[in-house]
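Working through the structure, step by step
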Amino acid sequence: MQFSENWLRTMADPNLTSDELAHLLTMSGLEVEELEPVAPPFTNVVVAQVCEVAKHPDADRLNVCRVDVGDGTLLNIVCGAPNVRPGMKVPCALSGAVLPPGADGNPFLIKVGKLRGVESQGMLCSARELKLSEDHGGLLELPEDAPVGRNFRDYYHLNDLKFTIKLTPNKADCLSVLGVAREVAALTDTPLTPPVWNVVAVNTAEKLPVKISAPDLCGRFSGRVIRGLNARAATPDWMKQRLERSGQRPISALVDISNYVMLELGRPTHVFDLDKIHGSLDVRWGRKGESLKLLNGNTVEVDDWVGVIADDKEIESLAGIMGGDATAVTLDTQDIYLEAAFWWPQAIQGRARRYNFSTDAAHRFERGVDYATTVDHIERITALLVEICGQEGTTQVGPVDDQVVNLPKRPAVKLRTARAQKVIGIPVTDEKVASIFGRLGLEFTQEPGLFSVTPPSWRFDIEIEEDLIEEIARVHGFENIPAIAPVAPNTMRIAPETRRSLFTLRRQLADLDYQEVVNFSFVEESWEQDFAGNTEPIRLQNPIASQMSVMRSNLVGSLVANVRYNLNRKLNRIRVFELGAVFLRDAATLDGPLSVAGYRQPQYVAALAYGPLVEEQWGQAGRNVDYFDVKAELEALFAPSVLRFEKLAHPALHPGRSAEVFLGGAAIGFIGELHPRWQQKYDLPLAPVLFEVSTASLQERPLPSSQEISRFPAVVRDVALVVKQDVTAQHLIDSFLAEKLSNDACAILQAIVLFDEYRGKGLESDEKSLAFRFTLQDTQTTLQDNKVDAAIEAFLTAAHKNHGARIRQ
């Protein structure tokens, strides 16, 4: 929200400097982002009148002007502007004036000098030379009533500042100068002087028939027919200045007046060309297949989710968002239909973003606009239209057609004084609360220690007791609340040794050369289909962008997007991880402090490695990272716990290079190489390797325990077993470990490692050979061959019994 300080002070003028006023607004929740002068500093520029113009004797493009600057003498000034003429009034820089810096960055000093042999005693200025605009078409022409000799900065109100404030979504009541003035008046206890106007007399009974077919879209619709306007009338300079200093570009009188009232009072309105409306108007929801060409030139398709204003032939406007091109006013427009309505916020929210644009109207209506003042605002615009564009004896003003069908109910909100005092932490009395509510314009009834407040029609942010407490704190001043540490018993809670913190997990992953990324939980719907096989994702009712419309059920898509982003910036080695929540449907989940019924939100850790295993160096041959590199890093994260890996079919992963991860018999995640289909679709030259595991399982760790170290030598035996292709190494290892637990002769097994796999000559086509290295050791004595042989034989028997394994010859 941007506005002129001078405009604000016409409604509320506290005894504060500009900086003090900006600080006050910021401390009340209306953050002032920028204070900017409306014009750069310059001196000794006055209003002047050109009295005579003669051709320069030695230059075709120059004129010699005699100029009255109000001091009783005429100055001789050489000017090259194409629009200079006798009688016009312009800003004139006198000798000694300092103008804003030019292209070289240095201030421009005006001195008496000669131009092609003719003395020039000053300079007639354009808007560009004074840095008021980029218009360099000629001199800045002033109105005929501009007082000659007056300081130009004072006449043009250039000793002014532009305030730019950053509003939170709940402060829609401050999206106007009047709204900000209300705040200033309440904060400083100064009088509020809202704009006043005379109601224009009605001189025709003409009305345009309007029907509200969608009361859940439009709660109130007010309109008026006005005929005989002069659309070519010039917008007054005072209005242009206020518009420009509020970030609006003047267009034409009809449009400028509508924009001016929106900035002044906070209500967007629309002006239709009456002659272009076919029959009557119908305020309704759109229908599939309908389309509309908007004022911005875009043609959009509508459906039953978008509100429209339609006539008997076609759609004429997107309700509360933007008008249509077909009924737009032009400089030839004479008859108009003026509309002001209350649109339900939930009926406007998200509609403009659906079409990838935003408008001032949608920005206000989706937050809530005063529903009680549509007629008053119609009268304000009418008064300005008749004043600026009216034609005596020709302009006809019809009655206001005000249809009220469905307005918000404003139930009273209770406030307990004791509760406010407890929350804010300062003494709060009934008298102080009553004073603050009165200054804010809140109607209330009072009992000792209890207030019942009816929110005004322009405040959509007051619904619960805490909202009223916030208002008390804001008006009191956040900076006036003392910073006192809370007084409460503190207990130092010792974190259990069996649980690692999230910080520790992040540090461990960083130690493995991964970098943390933080991604949105909102993702593209196609990601859910590709990387999770999720055809029914959790959809957002009001996504912040069309490509972020669903909640993620795993972290893979986000990490793949990070890889693509970095590859596009010429990075060829990428190692990233994310620790975040995923969102799953779960009917068993109930509402709670950190849960929503029907949805489970577990935390997961995912990491992805792409490209070379290590940075290029002389001490190690280069190769790309593979599944086993990332598997080793995952096992290191869980150490000393031991993971199990079983074959997995996952929509995101390569069918032969992926596995499900188990810890203690429970599935906790997956690991694998990205599926070739997605590698190709997302334009990745190499296949990344990634894993995703439950954060809770990674945080848990067993307490360290001591084990006796044997003083006796270990015995190593290598065994190659032939099994069917569908028998995995993990199945054989499970059999060996089960035998160790059930057979005392096998208790001497210390470790078992798969060190080779063979397929080919000497084996059947459906067979493979797996070679294991057994390490056996006893803590009490040196192992003898017979004891080792017995243990190995037991292992082989178990492998043959469970999996049909045989010794490879």
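Now for a quick tour of the structure. Everything quoted here is computed from the prediction, not taken from an experiment. (Residues numbered from 1 in each chain as written. Predicted model: local features only at pLDDT ≥ 70, side-chain atom pairs only at ≥ 80, totals over all residues. Heavy atoms only, no water.)

Topic: the pairing of strand S5 (residues 74–79)
The buried fraction of S5 amounts to five of the six residues, a majority that puts the element mostly inside the structure. One ladder, built from six bridges, connects strand S4 (residues 63–68) with S5; its direction is antiparallel. The partner of Asn63 across the bridge, within S5, is Cys79. Taking the residues between adjacent antiparallel strands as the criterion, S4 and S5 are bridged by five residues, where Gly70 takes a positive phi near 90 degrees. (Buried < 20%, exposed > 50% of the residue type's maximum accessible area, 1.4 Å probe, protein only. Helix = DSSP H or I, 4+ residues; strand = E, 2+ residues; numbered from the N terminus. Pairing = 2+ DSSP bridges.)

Quick look at the sheet that holds strand S29 (residues 522–523)
In space, the three strands of this open sheet follow the order S29-S31-S30, with antiparallel pairing throughout. Pairing within the sheet leaves two strands with one partner each, and these edge strands are S29 and strand S30 (538–539). Bridge analysis of S30 against strand S31 (residues 550–551) gives two bridges, and the strand direction is antiparallel. Of the residues in S31, the one forming a bridge with Arg539 is Val550.

Points about the side chain of Asp530
Tracing the sequence through the fold places Asp530 in helix H15 (residues 525–532). A distance of 2.6 Å separates polar atoms of two side chains, one belonging to Asp530 and the other to Tyr682. Leaving out residues up to four positions away in the same chain, Asp530 has contacts with Pro651, Ala652, Trp678, Lys681 and Tyr682. (Polar contact = N/O pair within 3.5 Å; in protein donor to acceptor, adjacent residues only side chain to side chain. Contact = heavy atoms within 4.5 Å.)

Regarding the pairing of strand S40 (residues 715–724)
Along a regular strand, successive side chains alternate from one face of the sheet to the other. Of the strand pairs in this sheet, S40 and strand S42 (residues 767–776) are connected by 10 bridges, and their pairing is antiparallel. Each residue of the ladder has a partner; that of Val716, found in S42, is Thr775. Where S40 lies against strand S43 (residues 806–807), two bridges are found, and the strand directions are antiparallel. Bridging from a neighbouring strand, Leu721 pairs with Ile807 of S43.

Some points on the sheet that holds strand S25 (residues 413–416)
If you trace the three strands from one edge of the open sheet to the other, you get S25-S27-S26, paired in antiparallel fashion. Looking at the sheet topology across the chains shown, the edges are occupied by S25 and strand S26 (443–447). Between one strand and the next, the sheet's axes are offset by a mean angle of 25 degrees, whatever the strand orientation. Pairing analysis gives four bridges linking S25 to strand S27 (residues 450–454), with the strands arranged antiparallel. (Axes fitted to C-alpha atoms, helices over the stretch in contact; angles between N-to-C directions.)

Considering helix H10 (residues 374–389)
The terminal C-alpha atoms of H10, which comprises 16 residues, lie 22 Å apart, in line with the 22 Å expected from a rise of 1.5 Å per residue. Within H10, 12 of the 16 residues are buried, which leaves it mostly tucked inside the rest of the structure. If you check which residues of H10 are buried, you get Thr374, His377, Ile378, Glu379, Arg380, Ile381, Thr382, Ala383, Leu384, Leu385, Ile388 and Cys389. Buried-residue contacts for H10 involve strand S14 (218–227), helix H5 (237–244), helix H6 (253–265), strand S22 (336–343), strand S23 (396–397) and strand S24 (401–404). (Expected span 1.5 Å × (residues − 1).)

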